[in-house]
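Residue-level listing of the chains:
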Amino acid sequence: MSARKFFVGGNWKMNGDKESLGELFMTLNTASLDDETEVVCGAPSIYLDYARSKLDLRIGVAAQNCYKVPKGAFTGEISPAMIKDCGIDWVILGHSERRHVFGESDELIGQKVAHCLESDLCVIACIGEKLEEREAGTTDAVVFAQTKVIADNVKDWSHVVLAYEPVWAIGTGKTASPAQAQEVHEKLRGWLRANVSDAVADTIRIIYGGSVTAVNCKELAAQADVDGFLVGGASLKPEFVDIINARS
Ligand code: PGA
């Protein structure tokens, strides 16, 4: 367990402007951050360059999405090559808002995962069940199926973080309980052990997302299979520092 470096991602979504983000950069750059935590902030694409140029280099930056080919006639899209060109090493893929607001399919997400990894971009791959799926008892089937599509497109797992984000917990203030999060994370690790390898199951960071705050992060971080967080709303606030330091 301790071999996995704790990973805290922020996901600003479509929020912030130069002024408010500038204040956030000041907060993060001057904060005392746990060296044992890897930190990556997901910026809107128009602010990727701004974030990378202003944030301290101990803080990584991620794009929140990208397309599946290097270049071409795809108006409005950005490619992994462009993200890398801005000095950025990470991308969030398969976020539930991409899946459910913008209708991205498992197939498209899988293609993006493959192309990003081939382009040497690290991927935070998101999965998670909807409320009706949890209530119908299909959580395991849903997250295993989503994970399989990702797994089918990964050759180098060292560049992948898996984010379990139950859709009912995102932006709702309704966090999965530590036991609920641990149960799914443990099963996901078991799935990876059975379907990929022991080495991948032992080393991959499986992070939790969905209404993580400074108040609930410590108990979640204490779960054996919770290796960090993907934080939305709270990643825009000074409390993000407390979440980064959840294991300190
Ligand atoms: P939230 O969002 O922390 O605001 O619930 C999490 C996410 O969407 O990654």
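Just so it is clear, the model here is predicted, and its values are computed rather than measured.

Undergrad: Mind showing me how you'd approach the environment of Thr-27 here?
TA: Relative to the assigned elements, Thr-27 resides in helix H1 (residues 18-30). Assessed through its relative accessible area of 28%, Thr-27 is described here as partly exposed. For the pair Thr-27 and Val-123, spaced 96 residues apart in sequence, the C-alpha to C-alpha distance is 26 Å. If sequence neighbours within four positions are ignored, Thr-27 has contacts with Pro-238 and Val-241.

Undergrad: Whenever I open this one, the site of the ligand confuses me. Can you help?
TA: Close to the ligand lie 13 residues, the nearest being Lys-13, His-95, Glu-165, Gly-171 and Ser-211. Here an oxygen atom of the ligand sits 2.6 Å away from a polar atom, N or O, in the main chain of Gly-171. Between the ligand and Gly-233, the relevant distance is 2.9 Å, taken from an oxygen atom to a main-chain nitrogen or oxygen of the residue. Expressed as a share of its isolated accessible area of 280 Å², the protein-covered part of the ligand is 94%. In this structure the site holding the ligand corresponds to the second largest pocket. Residue composition of the shell around the ligand, by class: 4 nonpolar, 7 polar and 2 charged.

Undergrad: Which parts of the structure should I look at to understand the layout of surface pockets?
TA: To find leftover empty space, a probe the size of one water molecule is rolled over the atoms. Roughly 540 Å³ of internal volume is contained in the largest pocket. Along the walls of the largest pocket sit 19 residues, with Met-14, Gln-64, Asn-65, Arg-98 and Phe-102 positioned nearest its centre. Residues that form the lining of the largest pocket fall into these classes: 9 nonpolar, 6 polar and 4 charged. Taken as a whole, the second largest pocket holds about 220 Å³ of empty space. Forming the walls of the second largest pocket are 20 residues, and the residues nearest its centre are Gly-171, Ser-211, Val-212, Gly-232 and Gly-233. Its residues assigned to classes, the lining of the second largest pocket comprises 5 nonpolar, 13 polar and 2 charged.

Undergrad: Got a minute to help me understand the nonpolar core in this structure?
TA: Considering soluble globular proteins, one finds that nonpolar side chains tend to be buried as a cluster. Among the nonpolar cores identified, the biggest contains 67 residues, and Leu-28, Val-91, Tyr-208 and Phe-229 are the most heavily contacted of them. Element by element, the count of residues in this core is highest for helix H8 (residues 178-195), at 5 residues. Discounting residues that sit within four places of it in the chain, Val-91 has contacts with Ala-62, Ala-63, Asn-65, Cys-66, Ile-83, Cys-116, Leu-121, Cys-122, Val-123 and Ile-124.

Undergrad: Looking at this structure, how should I read the packing of helix H7 (residues 139-151) against H8?
TA: Two quantities define a packed helix pair, namely the angle between the axes and the distance from one axis to the other. Two elements in contact, H7 and H8, have axes separated by 11 Å at closest approach and are oriented at 45 degrees. With respect to H8, the axis of H7 lies oblique. Here the hand of the crossing between H7 and H8 comes out right-handed. For the pair formed by H7 and H8, the contact residues are Thr-139, Asp-140, Val-143, Phe-144, Thr-147, Lys-148 and Ala-151 on the first element and Val-184, Lys-187, Leu-188, Trp-191 and Leu-192 on the second.

Undergrad: How should I be thinking about H7 in this particular structure?
TA: Spacing of three or four residues puts side chains on the same side of an α-helix, whose turn is 3.6 residues. The terminal C-alpha atoms of H7, which comprises 13 residues, lie 18 Å apart, in line with the 18 Å expected from a rise of 1.5 Å per residue. All of the buried residues along H7 are Thr-139, Val-142, Val-143, Gln-146, Thr-147, Ile-150 and Ala-151. For H7, the arc enclosing every buried residue in end-on projection is 165 degrees, short of the 170-degree limit, so these residues lie on one face.

Undergrad: Hey, could you run me through the side chain of Asp-227 in this one?
TA: Position of Asp-227 among the secondary structure elements: in the loop between helix H10 (217-221) and strand S8 (228-231). In this structure Asp-227 comes out as buried when scored by relative accessible area, which is 1%. In this structure, Asp-227 is in contact with Arg-4, Lys-5, Phe-6, Phe-7, Arg-189, Ile-204, Arg-205, Ile-206 and Ile-207, ignoring residues within four places of it in sequence.

Undergrad: Explain the sheet that holds strand S2 (residues 37-43) to me, please; I cannot follow it from the model alone.
TA: Picture the strands of a sheet paired through backbone hydrogen bonds; they go either parallel or antiparallel. With parallel pairing, 8 strands are arranged side by side around a closed barrel as S1-S2-S3-S4-S5-S6-S7-S8. Neighbour-to-neighbour, the strand axes of this sheet turn through a mean angle of 25 degrees, independent of strand direction. Here strand S4 (residues 90-93) pairs with strand S5 (residues 122-127) via 4 bridges, running parallel. Looking across to S5, one finds that Trp-90 is bridged to Cys-122.

Undergrad: Where do I start with the pattern of salt bridges in this structure?
TA: When charged atoms on two side chains of opposite charge get close, those side chains can pair. Following the criterion strictly, the structure yields 17 salt bridges and no others. The shortest N-O distance in the salt bridge between Lys-13 and Glu-97 comes to 2.8 Å. Taken together, the residues Lys-13 in the loop between strand S1 (6-11) and H1 and Glu-97 in helix H4 (residues 96-100) connect sequence positions 84 residues apart. The network of salt bridges with common partners includes Arg-4, Arg-189, Asp-225 and Asp-227.

Cut-off values and rules
Sequence order sets the numbering: in each chain, residues are counted from 1 along the sequence as written. Per-residue local features of the predicted model are confined to residues with pLDDT of at least 70, and side-chain atom pairs are confined, for both listing and counting, to 80 or more; whole-chain, interface and lining totals are unaffected and use all residues. To get the side-chain values, all heavy atoms of the structure are used, and hydrogens and water are removed first. Strands are runs of DSSP state E lasting at least 2 residues, helices are runs of H or I lasting at least 4, and numbering of each runs from the N terminus. To sort residues, take the accessible area from a 1.4 Å probe on protein chains only and compare it with the maximum for the residue type: under 20% means buried, over 50% means exposed, and anything in between is partly exposed. Contact definition: two residues touch when any of their heavy atoms are within 4.5 Å. A single heavy atom is enough: if one lies within 4 Å of a molecule or strand, its residue is considered near that molecule or strand. We define a polar contact as two N or O atoms separated by no more than 3.5 Å, with the added condition that, inside protein, one atom must be a possible hydrogen donor and the other a possible acceptor, whereas residues neighbouring each other in sequence contribute only through side-chain atom pairs. Every accessible area reported is derived by Shrake-Rupley at a probe size of 1.4 Å, with residue values counting cover from the shown protein chains alone. Method remark: on a 1 Å grid restricted to protein atoms, a set of points is classed as a cavity if a 1.4 Å probe fits but cannot get out and as a pocket if it is open with protein on both sides within 12 Å along at least five of seven lines; lining residues have an atom within 4 Å of a point. Placement in a cavity or pocket follows one criterion, namely that more than half of the molecule's atoms lie within 2 Å of its grid points. Only Asp, Glu, Lys and Arg are considered charged, only Ala, Val, Leu, Ile, Met, Phe, Trp, Tyr, Cys and Pro nonpolar, and every remaining residue, Gly among them, polar. Grid points are joined across faces, edges and corners, and a volume is the space filled by probe spheres set on the points. Buried residues of nine kinds, namely Ala, Val, Leu, Ile, Met, Phe, Trp, Tyr and Cys, make up a nonpolar core once their side-chain atoms join them within 4.5 Å. Axes here refer to lines fitted to C-alpha atoms; in helices the fit is confined to the stretch in contact. Angles between the N-to-C directions go from 0 to 180 degrees. Working rule for angles: under 35 degrees goes down as roughly parallel, over 145 as roughly antiparallel, 65 to 115 as roughly perpendicular, anything else as oblique. Note on convention: near helix rotated counterclockwise from far helix by under a right angle means a left-handed crossing. Clockwise means right-handed. Expected helix span is computed as 1.5 Å times (number of residues minus one). Taking the helix axis as origin, the arc is that swept by the directions to the C-beta atoms. Being paired, for any two strands, means DSSP has found at least two bridges between them. Between Lys or Arg on one side and Asp or Glu on the other, a salt bridge is scored when a side-chain nitrogen of the former is within 4 Å of a carboxyl oxygen of the latter.

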